[in-house]
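Geometric and topological summary
Each chain, letter by letter, is given below.
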Amino acid sequence: MRRFEGRVAVVSGAAQGMGRAVAERLGQEGATVVAVDINGDGANAAAKAIGGKSFGVACDIGDEDAVAKLFQSVASKCGKLDVLVNNAAIVPFVKWDELTFKEWRRVLRVNLDGLYLMCRAGSDLMRKNNYGRIVNFSSNSIFAGTPNMAHYVASKGGVLTFTRALATELGGYKITVNSVCPGLTDTEGVQQTPHKEAFGFVEMLQAIKGVGKPTDIVPAVAFLASEEAHWITGQALAVDAGMVRW
Ligand SMILES: NC(=O)c1ccc[n+]([C@@H]2O[C@H](COP(=O)([O-])OP(=O)(O)OC[C@H]3O[C@@H](n4cnc5c(N)ncnc54)[C@H](O)[C@@H]3O)[C@@H](O)[C@H]2O)c1
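The present account deals with the structure reproduced in this document. (Residues numbered from 1 in each chain as written. Predicted model: local features only at pLDDT ≥ 70, side-chain atom pairs only at ≥ 80, totals over all residues. Heavy atoms only, no water.)

1. Observations concerning the sheet that holds strand 5 (residues 132-137)
As a reminder of what qualifies: Two strands are counted as paired when DSSP detects at least two bridges linking them. Numbering of helices and strands runs from the N terminus; a helix is a DSSP stretch of H or I covering at least four residues, while a strand is a stretch of E covering at least two. Helix axes are fitted to C-alpha atoms over the stretch in contact, other axes to C-alpha atoms as well, and angles between N-to-C directions run from 0 to 180 degrees. We call two residues in contact when some of their heavy atoms are within 4.5 Å.
Read from one edge to the other, the open sheet built from seven strands follows the order 3-2-1-4-5-6-7, with strand pairing classed as parallel. On the outer flanks of this sheet lie strand 3 (55-58) and strand 7 (236-239), each paired with one strand and no other. On average, each strand axis in the sheet is inclined to that of its neighbour by 20 degrees, with strand direction left out of account. Relative to strand 7, strand 6 (residues 175-182) is paired through four bridges, and the arrangement is parallel. Residue pairing in the sheet places C181 in a bridge with A238 of strand 7. Packing of helix 1 (residues 17-28) onto the sheet brings it into contact with strand 1 (8-12), strand 2 (32-37), strand 4 (83-86), strand 5 and strand 6, and relative to strand 1 it is tilted by some 170 degrees. Lying on the sheet, helix 9 (residues 214-224) is in contact with strand 4, strand 5, strand 6 and strand 7; it crosses strand 6 at an angle near 165 degrees.

Here it is, written out as structure tokens:
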């Protein structure tokens, strides 16, 4: 399939994990991908692997000035924005008794403030063409209330409800806004935390057995980012082998 021929897509957190997998798929299907990450080398490596006119940008999505510069560069180099995948986030493992306000702010600054900044600037560019697809990464932890990440769970609940509200705000511009709620997925980020010990427990709760990989999540994101998903907005899609049903 070449669903993104002629399309420009910004993917945050594209240096590794699910962001990289999404960026690669959109690129394989014809998109010019702007691979965004706080890890600039990783973003550039992802863009190089995709090829064509894709390029990487080092950007902290929680930094208002950096995000403004990012979208100025998208506008000047690409002239438009069709797809915005907000995947970048901090995935912490912190016991409740150790959850300080500083740590709470560290995560909320990126996972929610960063999402706002990316959607603010990204949708302003999309509105010029009356077309857009925004896909936000929530998490199925919002249904499970997963332990050792209360601030993260709060942020991802915010992603879901912000998505609903933004869908209302942007519907008049033919911009759709949806979220995906992955289950535990084997990424570089998860491998760096004790969450990696939870795969067995999570598998027990899944309808379909196995360990989730980034490529298991990509098809849902690509569909919601495609033209044919034009009649779907404000929705949250669990992509977790049937662990959560709601
Ligand atoms: N892996 C899982 O089990 C899982 C489950 C549910 C939801 N999610 C969500 O899926 C998304 C991707 O998860 P992952 O496991 O692939 O993540 P990961 O930790 O492997 O990668 C995250 C990427 O985001 C980047 N990033 C972090 N802070 C940033 C910032 N301030 N600005 C720009 N880039 C930044 C990192 O450098 C990294 O490349 C996240 O939104 C996460 O919350 C993950």
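2. Thoughts on the packing of helix 1 against helix 2 (residues 40-50)
To describe two helices that pack against each other, one gives the angle between their axes and the distance between the axes. Selection rule: Each angle receives one of four descriptions, namely roughly parallel if under 35 degrees, roughly antiparallel if over 145, roughly perpendicular if within 65 to 115, and oblique otherwise. Crossing handedness: left-handed means the near helix sits turned counterclockwise from the far one by under a right angle, and right-handed means the same turn made clockwise. Lys, Arg, Asp and Glu make up the charged group, whereas Ala, Val, Leu, Ile, Met, Phe, Trp, Tyr, Cys and Pro make up the nonpolar group; the residues left over, Gly among them, are polar.
Where helix 1 meets helix 2, the closest approach of the two axes is 9 Å, and the angle between their N-to-C directions is 30 degrees. The orientation of helix 1 with respect to helix 2, classified from their angle, is roughly parallel. Crossing angle aside, the handedness with which helix 1 passes helix 2 is right-handed. Contacts between helix 1 and helix 2 involve R20, A23, E24 and G27 from the former and A45, A46, A49 and I50 from the latter. Taken together, the residues of the contact of helix 1 with helix 2 sort by class into five nonpolar, one polar and two charged.

3. Quick notes on the site of the ligand
Here is the rule we go by: We define proximity as follows: a residue is near a molecule or strand when any one of its heavy atoms falls within 4 Å of that partner. Pairs of N or O atoms within 3.5 Å make up the polar contacts considered here, provided that, within protein, one atom can donate a hydrogen while the other can accept it, and that residues adjacent in sequence are counted only when both atoms are side-chain atoms. Reported accessibility uses the Shrake-Rupley method at a 1.4 Å probe radius. Residues are deemed covered only where the shown protein chains occlude them.
Of all residues adjacent to the ligand, which total 27 residues, the nearest are D37, N87, Y152, T185 and T187. One of the side-chain N or O atoms of Q16 is found 2.8 Å from an oxygen atom in the ligand. Contact between the ligand and N87: an oxygen atom at 2.7 Å from a main-chain N or O atom of the residue. Taken by itself the ligand offers 840 Å² of open surface, and the protein chains cover 92% of this.

4. So, the nonpolar core
Most often, soluble globular proteins have nonpolar side chains that are buried together. Threshold: Here the nonpolar core consists of buried residues drawn from Ala, Val, Leu, Ile, Met, Phe, Trp, Tyr and Cys, with membership extended through side-chain atoms lying within 4.5 Å. Only protein chains enter the accessibility calculation, which uses a 1.4 Å probe; a residue whose area is less than 20% of its type maximum is buried, one above 50% is exposed, and one in between is partly exposed.
Within the largest apolar cluster, 32 residues are counted, with the highest numbers of intra-cluster contacts made by V10, L70, F71 and I134. Top contributing element to this core by residue count: helix 4 (residues 101-126), with ten residues. Counting residues in each nonpolar core, the second largest holds 28 residues, with A31, A46, V218 and L224 among its members.

5. Topic: a nonpolar patch on the surface
Condition: Exposure above 30% relative accessible area and the absence of a salt bridge qualify a residue for a patch, where like charges join within 9 Å and nonpolar side chains (Val, Leu, Ile, Met, Phe, Trp, Tyr) within 5 Å. Put simply, a salt bridge is a Lys or Arg side-chain nitrogen that is within 4 Å of an Asp or Glu carboxyl oxygen.
Among the surface-exposed residues, F201, M204 and L205 lie close enough to one another that they form a single nonpolar patch of about 320 Å² accessible area. Mapping L205 onto the fold places it in helix 8 (residues 199-205). The exposure class assigned to L205 is partly exposed, which follows from its relative accessible area of 35%.

6. Observations regarding unusual backbone geometry
Even without being a glycine, N130 presents a positive backbone phi close to 50 degrees. Turning to its location among the elements, N130 is positioned in the loop between helix 4 and strand 5. Notably, A241 is not glycine yet its phi reads approximately 60 degrees, a positive angle. Mapped onto the fold, A241 is located in the segment after strand 7.

7. Some words on the environment of M126
Here M126 lies in helix 4. Between the C-alpha atoms of M126 and L81, which are 45 residues apart in sequence, the distance is 5.4 Å. Discounting residues that sit within four places of it in the chain, M126 has contacts with L81, D82, V83, L84, Y131, G132, R133, I134 and I175.

8. A short note on the side chain of S139
Here S139 lies in the loop between strand 5 and helix 5 (141-144). A distance of 2.7 Å separates polar atoms of two side chains, one belonging to S139 and the other to S141. Each residue touching S139, except ones within four places of it in the same chain, is listed here: Y152, K156, V180, C181 and P182.

9. Digging into the environment of E203
Considering the arrangement of structural elements, one finds E203 in helix 8. The exposure class assigned to E203 is partly exposed, which follows from its relative accessible area of 26%. Each C-alpha atom of the pair E203 and I50 lies 32 Å from the other, and the pair is 153 residues apart in sequence. Beyond its immediate sequence surroundings of up to four residues, E203 is in contact with K209 and G210.

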